[in-house]
Amino acid sequence: MKIGSYYRPESVEDAYRCLQQDPESCLIAGCTSLKLSKRYISRAIDITALPLEKIAFDGNRLTIGSVASLRDIETNPFCKAMCSGVLGRSVEHIMGPQLRRHITIGGMLGSRPEFSELICVLLALNAQVEYYKNGCRSMEQFLSAPPERDVILAIQIPAAKSRCSLKSIRTSYAALPILCTAVALVEDKLCIAVGARPEGAVLAKKAAKEAEKAGKSVSATEIASMVSEELVMKDDLRSSQAYRKAMCKVLVRSAIEEVTNESESVGE
Amino acid sequence: MNSVTKAVHKIDGMALALGKPMFTEDLLPEGCLYLRLIRCPYAYAEVVRMDVEQARALPGVVAVYTPDDVPHNLYTNPGEPYPEGGPIDRYMIDRFARYVGDVVGLIAAEDSRTAEKALELVHVEYRVLKPILDPHESLKSETVIHQHEVLTHFDLKCKPEINQMGIMYDAAGDLEKAFGECDVIVEATCRTQAQAHAMLETHRSLSYLDYRGKIVVIAPMQSPFHVQRVIARATGIDPKRIRTVQSRVGGSFGAKNNLFTEIYCAFVTWKTGRPAYHKFSRTEAFCCTNTRHDLEMRYKLGATKEGVIKAIDVQALCNGGAYAEDSQDTMYVGCHNTLPIYTKIDAIRYNGVAVYTNIVPGGAFRGFGAPQNTFALGVAVSRLAEKLQMDITQLQLKNIAQVGDHHPFLKGDEPITSTSLARCIQRGKDIIGWDEKYPRRAISPTKVRGVGMSVGMHGSGIAKMDKVFAMLRLNYDASFTLYVGACDLGTGSDTILLQIAAEVLQIPVENINYLHADCDYTPYDKGAYASSTVHVTGNAVMDAAQKMRKMILDGARRLMKTDEEAEVLYDGKKVFTADGSKQMPMDEYCQKMVSYYGDMDQLTATGSYACYKSPPPYATCFAEVEVDLETGKYELLNCAVIADIGTVINPNTARVQLEGGTAQAIGFAMFEEVRYDKDGRLLTSDYINYKIPCQMDIPDLKIEFIESYEPSGPYGAKSLGELAVHTPPPAIADALFNAVGVRIYTTPITPEKVWAALQEKGREV
């Protein structure tokens, strides 16, 4: 990363205006993934001093400010309370706690790494990305649209009585996952997200719909097979397509079993 | 024992903990030039035209050197003794670039940003050539990687015209007859991957002119003497004008055995008269230095039905990469520091070939071929145990070397004089709970646990080659100064050498000043490689200290005016006559020694050691894994390594060496892997894509030492540094087989490979 000039905006409005003025400008916060890029940034707009780090819970939804760090998400009581701490578990393999103090949730969403387990979880929990000007986007809309030149204020996660299970496979503790899945059960409806594919996290909507139609007559194994067939998998440095397909079945099945098993406290 | 066998703190330990300046980057003088290398983006290409005028014109750029602007002297990178063991095949800056990242030019600028900017202004036109990326293709390829003359000092069968670096052939006995008499024969073809050193501090060096016009080069090097020689050879600078000094080392593992930055710094200082500093980025450390050699090995073992191994035949293909560096030595060590562990053999053969390819050169890396061969041999022995339906620990105990045994691959045919390996195996069985756990236990319908084990050995220095010196001086204040050319790579070897001297002189370690690794001020040492500092340099220090003791006694007779026959003693504090009639404290002794009336020299002793044998240290690893049958993912639940390194001179440093080595070996066994794309570009060039083990990947290691006493070692010590990485990979592979019945012949043993093998096995059933 190379920076032409550095600017600390006084308000979100100020940050937004700067962003519009110069197409080569960029918002920066923890600067962890940007730093690794070869990108040229004419003007770096540092938003870390703006009041965007708050994590709040109003009984209906959890709101995570975009400058909250991954470490905040791991340690904040509201985040820990949501689905037995699935949010924290989705980031605990990323480097060490020191670095997770720097990585912001807004920065992670902005760089949209395809291997992000957090994005996979947010997708399954039907989270919303709240922009300053452009309003809210569902995670699905957010991921499928090109990056918008707007300031992300917060991520909102609906707090309906839901359970969520995250399953991942990786070669070592700190390695990027080969595949991950987050399965949420919201009012008896399954929401299945699969991530760490070379194409990033997606919802397996067809399989979830089939499962809903079939009700209790369809097994977790059958749903997992449908997910594996529905989603495109590819080869990359971390894994072959065949292994990803196979692991998709195993991980999705195991996640479904976990969220549908009444006796287990996990995910409550 | 006062010092030896005691957990003496590392002499630099507290300073390191407090962040005191001691590394190369801490020592930069004012006005340093910063260097950047112009690197080729193709796996094999020839520079047709280089336009550097724009770069030269950039304010702040002091010099840009193209292949035409530098001396064209053949040299080889390893900082090892003359005559070099491998082919001499590179130039400091060449028109031909032989791997992605190879050097085609050099920039020196007032600051690193300007150097970086200048790099973008250099325009190079290349003639792109067809690279060789697969070692199997190398010998039959139409591409010739080294089209120039390649020199060798020995008959290595180096044939650059067919991309052959050399052959390593060694054999004894009648192989055909021996195999004919065997009841059981097994084969295993294994391939181990390239591994990155991943040391904390990347390669770097600094140089400056001193007031006498000498070029002083400071770097985290492994041998000042060879660095001096190689710089001189590559650049043509008179070696007398070069002074090389080792700074503290922020991790090496062999990475800093080779000269990647020193030559360029010295050259720029020579040409410009300015201090120069060159530091590799992490990407350069991954892409443009060395890796562990990728080796393919076909092992064939023959044994009697009782399980006595009688015949071993090995064929190896060593992927040397673009430059020979240490490929020849890697094959040599891989063979000679691995196979002599089994001494009941009638016949043995090792036939290895090293080839050139257009990838990052394989180079010195902790173990030098032995971890690779230990893995393949371990897999073959595990197969043998399976075929004989024998507990592998019993099979090992029947075959391992015993005191008095000979082996044709032990140089000079010296017999084994120390081993406690059998006791190490017994202890390992107890620690892991072998008798209860072997071979497997089902934990759930999808999880199975298994235990496995392996054995390994190394050498201690290089027999009939290594020669080292040490000097001790008695000072006017009754302290001593030890001068040693050996290099502590962070292992604590400086501390251990001081412990040895302190033990002989019966004084605390703190009473000895220490001067190390400076080619102008310390005596010659072969350098820190081949697991030799404690055993080899330790012997020279012991020799110097023993000579010093004798000198002190001779001096005492003069100073105390006793007759020449009188028995005089020294206890570290004073000298005295045996009958108690006369005594003199050392303070007084030293004052007299340097006074006008002291009729004697200042006492200075030189010790030496010629390494006539390389006594093997041994280790055994016991591993317990839990395998998930659905995913192939396995956890290493337990890992015990029990080693025989002779006498443990410092239990602190020994423990951390073995723990660190075990962790490095676990990474090698389970997930570390250097990978390339189809054009030969390194994909694993950062810590996101190349993972080394973190704390969470390593179980609570059970590390123990069972001492033997090696008569040729200082106070009975052998070596440890490289032995530490040998045994975990084959133990993990054996444990996996015992757990789920699948064999993985290639490292790293990833969950995907285990899963694929389980699928295959499922289809067979």
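The structure contained in this document is the topic of the report that follows. Quick caveat: nothing in here was measured; it's all calculated off a predicted structure.

**Some words on the overall build of chain B**
If you tally the helices and strands in chain B, you get 19 helices and 27 strands. Against the compact-globule benchmark of 27 Å for 765 residues, chain B has a radius of gyration of 27 Å, which places it among compact chains. In chain B, which comprises 765 residues, the share counted as buried stands at 63%. Counting contacts in chain B only where the partners sit at least 6 residues apart, residues at least 24 apart contribute 80% of the total. Per element, the accessible surface of chain B, about 27,800 Å² overall, is 51% carbon and sulfur. Averaging the locations of the 80 positively and 95 negatively charged side chains of chain B gives two centres separated by 1 Å.

**Regarding the pattern of salt bridges**
If the charged atoms of two oppositely charged side chains come close together, the side chains can form a pair. In this structure the tally under the stated criterion is 70 salt bridges over all chains. Of the charged contacts, one joins Glu 110 of chain B and Arg 274 of chain B as a salt bridge, the two residues approaching to 2.8 Å between their closest N and O atoms. You can see Glu 110 of chain B sitting in the loop between strand 5 (103-109) and helix 3 (112-121) and its partner Arg 274 of chain B sitting in the loop between helix 7 (262-272) and strand 12 (276-279), a full 164 residues away along the chain. Ionic pairing is found between Lys 574 of chain B and Asp 571 of chain B, a salt bridge with its closest N-O pair at 2.7 Å. The class for Asp 571 of chain B is partly exposed, based on a relative accessible area of 23%. A single network of salt bridges, built from pairs that share partners, joins Glu 114, Asp 236, Arg 238 and Arg 244 of chain A.

**Comments concerning helix 14 (residues 493-505) of chain B**
Owing to its 3.6 residues per turn, the α-helix brings residues three or four apart onto one side. Residue and element names in this part refer to chain B. Between its terminal C-alpha atoms helix 14 stretches 18 Å, which fits the 18 Å expected from 13 residues at 1.5 Å a residue. For helix 14, the buried fraction is high: 13 of the 13 residues fall into the buried class. Phi turns positive, to about 55 degrees, at Gln 506, one or two residues after helix 14.

**Quick look at the interface of chain B and chain A**
Contacts between the two partners involve 17 residues from chain B, matched on the other side by 22 residues from chain A. Buried area between chain B and chain A, summed over both chains or domains, comes out near 1,800 Å², and the portion from carbon and sulfur atoms is 65%. On the chain B side of the interface with chain A, the three residues burying the most area are Glu 630, Lys 691 and Glu 752 of chain B, jointly 28% of the side's total. Here chain B and chain A share two salt bridges between them. Across the salt bridge formed by Glu 630 of chain B and Arg 253 of chain A, the nearest N and O atoms sit 2.4 Å from each other.

**Here's the deal with the sheet that holds strand 3 (residues 40-46) of chain A**
Residue and element names in this part refer to chain A. Spatial ordering of the open sheet is given by 1-3-2, a layout of three strands whose pairing is parallel. The two strands at the open ends of the sheet, each matched to only one other strand, are strand 1 (2-7) and strand 2 (26-28). Direction aside, the axes of adjacent strands within the sheet are offset by 40 degrees on average. Pairing of strand 2 with strand 3, which is carried by three bridges, proceeds in the parallel orientation. The residue of strand 3 that forms the bridge with Leu 27 is Ile 45. The strands that helix 1 (residues 12-21) touches are strand 1, strand 2 and strand 3; relative to strand 3, the one it contacts most, it runs at about 170 degrees.

**Quick word on the packing of helix 11 (residues 392-399) of chain B against helix 12 (residues 421-432) of chain B**
All names here are of chain B. For the pair helix 11 and helix 12, the least separation of the axes is 10 Å and the interaxial angle reads 170 degrees. The angle between helix 11 and helix 12 places the two elements in the roughly antiparallel class. Every residue of helix 12 that contacts helix 11 at Thr 393, Gln 394, Gln 396 and Leu 397 is listed here: Ala 422, Ile 425, Gln 426 and Lys 429. For the contact of helix 11 with helix 12, the class distribution of residues is three nonpolar, four polar and one charged.

About the criteria used
Residues numbered from 1 in each chain as written. Chains lettered and ligands numbered in written order. Predicted model: local features only at pLDDT ≥ 70, side-chain atom pairs only at ≥ 80, totals over all residues. Heavy atoms only, no water. Helix = DSSP H or I, 4+ residues; strand = E, 2+ residues; numbered from the N terminus. Rg over C-alpha atoms; globule rule 2.2 N^0.38 Å. Buried < 20%, exposed > 50% of the residue type's maximum accessible area, 1.4 Å probe, protein only. Contact = heavy atoms within 4.5 Å. Areas by Shrake-Rupley, 256 points an atom, 1.4 Å probe, with all protein chains shown as cover. Lys, Arg positive; Asp, Glu negative; His and termini not counted. Charge placed at Lys NZ, Arg CZ, Asp CG, Glu CD. Salt bridge = Lys/Arg side-chain N within 4 Å of Asp/Glu carboxyl O. Expected span 1.5 Å × (residues − 1). Buried area = accessible area lost by both parts, 1.4 Å probe. Pairing = 2+ DSSP bridges. Axes fitted to C-alpha atoms, helices over the stretch in contact; angles between N-to-C directions. Parallel < 35°, antiparallel > 145°, perpendicular 65-115°, else oblique. Nonpolar A, V, L, I, M, F, W, Y, C, P; charged D, E, K, R; others polar.

So yeah, pure geometry; function would need other evidence.
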